[in-house]
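Single-letter residue listing:
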Amino acid sequence: MASSIQYILFSTFLLFLIAPSLAKQSFRPKALVVPVSKDATTLQYITRINQRTPLVPISLVVDLGGQFLWVNCEQNYVSSTYHPVRCHSAQCSLAGASGCGDCFSAPKPGCNNNTCGVIPGNTVTHTATSGELATDVVSVQSTSGSNPGQVVTVPRFLFSCAPTFLLKGLARGVSGMAGLGRTRIAFPSQFASAFSFHRKFAICLSSTTSTASPGVMFYGDGPYVLLPNIDASQSLTYTPLFINPVSTASAYSQGEPSAEYFIGVKSINVSEKVVPINTKLLSIDSKGFGGTKISTVNPYTVLETSIYNALTKAFINEAAARNITRVASVAPFDVCFSSKNVFSTILGPSVPTIYLVLQNKNVYWSIFGDNSMVQVSDNVLCLGFVNGGKNPRTSIVIGGHQLEDNLLQFDLAKSRLGFSSLLFGRRTTCSNFNFTSNA
Ligand SMILES: *[C@@H]1O[C@H](CO)[C@@H](O)[C@H](O)[C@H]1NC(C)=O
Ligand SMILES: *[C@@H]1O[C@H](CO)[C@@H](O)[C@H](O)[C@H]1NC(C)=O
Ligand SMILES: *[C@@H]1O[C@H](CO)[C@@H](O)[C@H](O)[C@H]1NC(C)=O
Ligand SMILES: *[C@@H]1O[C@H](CO)[C@@H](O)[C@H](O)[C@H]1NC(C)=O
């Protein structure tokens, strides 16, 4: 199998590269932890790592299905440990890169001769360009699950350089995107290889936009402890992850499988009643159309038009049965309600629950009021789903608002997703990780 050969090559290579620093550190982390905050303007989720020599903190938009880390090298990139990746090298094939690039100006990060070219993409604006594959130092905090611990370093973390224009559409102050997709050079695989831990990672997005109470992301296995001492990794339900054979990011793929994470929604219920939808739309066809993916770059869940219409109709009916009155729409939402007759519960506004039924009728993802509704004003709540048009690539894109305060664990080796459901039910939230270091 090509992939296992690649993997062995990669492991050997990394071992060779990392050996001196491991000898120096002689500390092998079990997992890593990084904060994720939410940008109030763009609703993007922002993480922070340290990169370069000397180390500088860089902010990155989290792209769950992204292929790799890309960083703007055109501005303020100063580092004594930047190395362009040579064409036809092992790192180059690990990145799945075929092209060789030259650059006709003075050499600098992002502009060198005989380097391996990749295609960094801005998945918010659907723009892509070519970039130089490179390595540099990356450092993050390790964790035992409860607090951040000792800082650990990957001396030659692979990433792509990108020009400044690719940042357009991203939150202020970010310098690129952090790809967490299912490739060999996305964050989860590079960290797992560097520290020999499980190819697992978890995201727990916070709904608050205050940088003082961020959500959290873990690389490696649990425990994932949230205050007051709740190990959220203990309350996961599992569903298989599917591979879309055709990259949905068609602008920058060459017939590669998608790096994104798909799950198998079989039906949708509102308040225990089945929503009538064309189930054909729920599977991925040979051209890569259809199915359900999870996305951190879409602020709200996006549904194919017929699914959107069926779901909103069912929701409006069930809401009416509870005397919840519909009011004028508030963009980008069509379906809004007066908050009169809507009580507050621990799981958010008391509205009909939406169930995504998965591999069988006993496994479902419950979307309670906190994740289904968006409070747009004092008196108005809107259903936080948007219409994705008639022929979208992916029928259901589960977006950020529906993921918030749920722990999601992606297990790449077992190809499964663990999901916690709304953590409020366990008296905790995604902003409850104790970021006080005990190193
Ligand atoms: C790449 O090679 C060309 C031709 O030899 C040269 O003109 C150019 O300056 C080189 N670029 C860099 C970045 O070294
Ligand atoms: C979905 O609806 C069907 C039919 O009404 C019902 O049998 C099933 O229990 C429901 N499942 C969930 C998770 O609500
Ligand atoms: C809805 O309102 C009607 C008329 O005021 C009342 O009879 C009914 O009990 C209410 N239903 C619920 C679920 O509150
Ligand atoms: C957070 O962790 C620090 C360091 O271990 C500890 O001193 C502090 O009590 C913890 N905070 C809470 C609220 O438990």
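None of the values given here were measured: they were computed from a predicted structure.

Colleague: Where do I start with the pattern of salt bridges in this structure?
Modeller: Close approach of charged atoms allows side chains of opposite charge to pair. Applying the stated criterion across every chain yields a total of five salt bridges. One salt bridge in this structure joins Lys38 and Glu404, with 2.7 Å as the shortest N-O distance. Of the two residues, Lys38 sits in strand β1 (residues 31–38) while Glu404 sits in the loop between α6 (400–403) and β33 (406–411), which places them 366 residues apart along the sequence. Between Lys200 and Asp221 there is a salt bridge, with the nearest N and O atoms lying 3.0 Å from each other. Residue Lys200 is found in strand β13 (residues 200–204), and its partner Asp221 is found in the loop between β14 (215–220) and β15 (225–226); the two are separated by 21 residues along the sequence.

Colleague: Explain the domain arrangement of the chain to me, please; I cannot follow it from the model alone.
Modeller: When cut into domains, the chain gives domain 1 (2–221) and domain 2 (232–432). For domain 1 and domain 2, the distance between their C-alpha centroids amounts to 28 Å. Roughly 3000 Å² is buried in total at the junction of domain 1 and domain 2, and carbon and sulfur atoms are behind 59% of that figure. Contact with domain 2 buries area across many residues of domain 1, yet Leu64, Arg182 and Arg199 alone supply 25% of it, more than any other trio. Remark: the boundary between domain 1 and domain 2 carries 15 residue pairs in polar contact (both at pLDDT 80 or more). Those elements that place two or more of their residues in the side of domain 1 that touches domain 2 are β3 (56–63), α3 (187–195), β13 and β14. Sorting elements by how many residues they give to the side of domain 1 that touches domain 2 places β13 first, with five residues. Along the lines of polarity and charge, the residues of the side of domain 1 that touches domain 2 split into 17 nonpolar, 13 polar and six charged.

Colleague: How do you make sense of the site of ligand 4 when you look at a structure like this?
Modeller: Around ligand 4 sit Asn147, Leu227, Asn434, Thr436 and Asn438, and that is every residue in its neighbourhood. Between Asn147 and ligand 4, the recorded distance is 2.9 Å, taken from a side-chain N or O atom to an oxygen atom. Asn434 is positioned with one of its side-chain polar atoms (N or O) 2.3 Å from an oxygen atom of ligand 4. Burial of ligand 4 by the protein chains amounts to 40% of its free accessible area of 360 Å². Residue composition of the shell around ligand 4, by class: one nonpolar, four polar and no charged.

Analysis parameters
Residues numbered from 1 in each chain as written. Chains lettered and ligands numbered in written order. Predicted model: local features only at pLDDT ≥ 70, side-chain atom pairs only at ≥ 80, totals over all residues. Heavy atoms only, no water. Salt bridge = Lys/Arg side-chain N within 4 Å of Asp/Glu carboxyl O. Helix = DSSP H or I, 4+ residues; strand = E, 2+ residues; numbered from the N terminus. Domains from an automatic or database assignment. Buried area = accessible area lost by both parts, 1.4 Å probe. Polar contact = N/O pair within 3.5 Å; in protein donor to acceptor, adjacent residues only side chain to side chain. Nonpolar A, V, L, I, M, F, W, Y, C, P; charged D, E, K, R; others polar. Near = heavy atom within 4 Å. Areas by Shrake-Rupley, 256 points an atom, 1.4 Å probe, with all protein chains shown as cover.

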